[in-house]
Amino acid sequence: MNPKQSVRAKLIETGTSLLAINPGASLSEIAKYAGVGRASLHRHFSSKEALVSVLSIEAIRQFKTALNEAISRSEIPVEQLSTLIELLVPHGDCVHFILYEWKTFEHQETMTEYLSLEREILALIESCKQQGTIANTLSSRWIYYLIDSTVYTAWYAIQDGTLAAREAPKVASNNVLNGLKR
């Protein structure tokens, strides 16, 4: 990775983490948090909107990759959901970021990608409800928000040392799925 790419990658990683915690963070705060000068940030992103656009695309890509992997590991919906939750924990900032930011997506393509991803996850939740592995009395969207909150909480707990990185994914999955049993 050349130095320009590493600064860009650092800004993407840091921007996602900081904006997940503080959606109102300024470009100056993001640059400081990333350990780069504001001029370096502006060489890569002309505005906060440009940065958020790239962060959104990256977050959707990570979420979609996790979903595809979870589906490829099992044909059983509840196992797919459990695996998805576990795979998302290391990316909890991205998951939370896109759930918070999706309504602000400026590009129709990004909005379409997010809504497609959301539909797939809601369909997976519905499959679990139909098979009786999670309560069908709960709204699928509420369950989706619960997954986001739990994944983000596990990610945050790793960051502050409350949970070990190797334990957090299973803790998150067990908490969600045990709490949703019939």
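Residues numbered from 1 in each chain as written. Predicted model: local features only at pLDDT ≥ 70, side-chain atom pairs only at ≥ 80, totals over all residues. Heavy atoms only, no water.

Student: Where do I start with the overall build of the chain in this structure?
Tutor: Looking only at helices and strands, one finds nine helices and zero strands in the chain. Its helices and strands taken in sequence order, the chain reads α-α-α-α-α-α-α-α-α from the N to the C terminus. Computed over C-alpha atoms, the radius of gyration of the chain comes to 17 Å, within 12% of the 16 Å expected from 2.2 N^0.38 for 182 residues, which places it in the range of a compact globule. The principal-axis extent of the C-alpha atoms belonging to the chain is close to 55 × 40 × 30 Å. Expressed as a percentage of the 182 residues in the chain, the buried residues total 46%. In the chain, the share of contacts with a sequence separation of at least 24, taken over all contacts with a separation of at least 6, comes to 63%. Of the roughly 9500 Å² of accessible surface on the chain, 51% is carried by carbon and sulfur atoms. Charged side chains in the chain number 18 positive and 19 negative. The centres of these two groups are separated by 3 Å. (Helix = DSSP H or I, 4+ residues; strand = E, 2+ residues; numbered from the N terminus. Rg over C-alpha atoms; globule rule 2.2 N^0.38 Å. Buried < 20%, exposed > 50% of the residue type's maximum accessible area, 1.4 Å probe, protein only. Contact = heavy atoms within 4.5 Å. Areas by Shrake-Rupley, 256 points an atom, 1.4 Å probe, with all protein chains shown as cover. Lys, Arg positive; Asp, Glu negative; His and termini not counted. Charge placed at Lys NZ, Arg CZ, Asp CG, Glu CD.)

Student: Teacher, can you tell me more about the confidence of the model for the chain here?
Tutor: When pLDDT drops low, the exact placement of atoms in the prediction is not to be read closely. Scored by pLDDT, the chain comes out at a mean of 87, with 92% of its residues at no less than 70. Mean pLDDT in the chain bottoms out at helix α6 (residues 92-101), which sits at 77, and peaks at helix α5 (residues 77-88), which reaches 96. (pLDDT = per-residue confidence, 0-100.)

Student: What am I meant to see in the packing of α5 against helix α7 (residues 108-130) here?
Tutor: Helix packing geometry: the angle between the two helix axes and the distance between the axes. Look at α5 against α7: their axes get within 8 Å of each other, and the N-to-C directions meet at 135°. Regarding the angle of α5 to α7, the classification is oblique. In this structure, the crossing between α5 and α7 has a hand that is left-handed. Contact residues: α5 offers P77, V78, Q80, L81 and L84, while α7 offers I121, L124, I125, S127 and C128. Looking at the contact of α5 with α7 residue by residue, the classes come out as eight nonpolar, two polar and no charged. (Axes fitted to C-alpha atoms, helices over the stretch in contact; angles between N-to-C directions. Parallel < 35°, antiparallel > 145°, perpendicular 65-115°, else oblique. Left-handed = near helix turned anticlockwise from the far one by under 90°. Nonpolar A, V, L, I, M, F, W, Y, C, P; charged D, E, K, R; others polar.)

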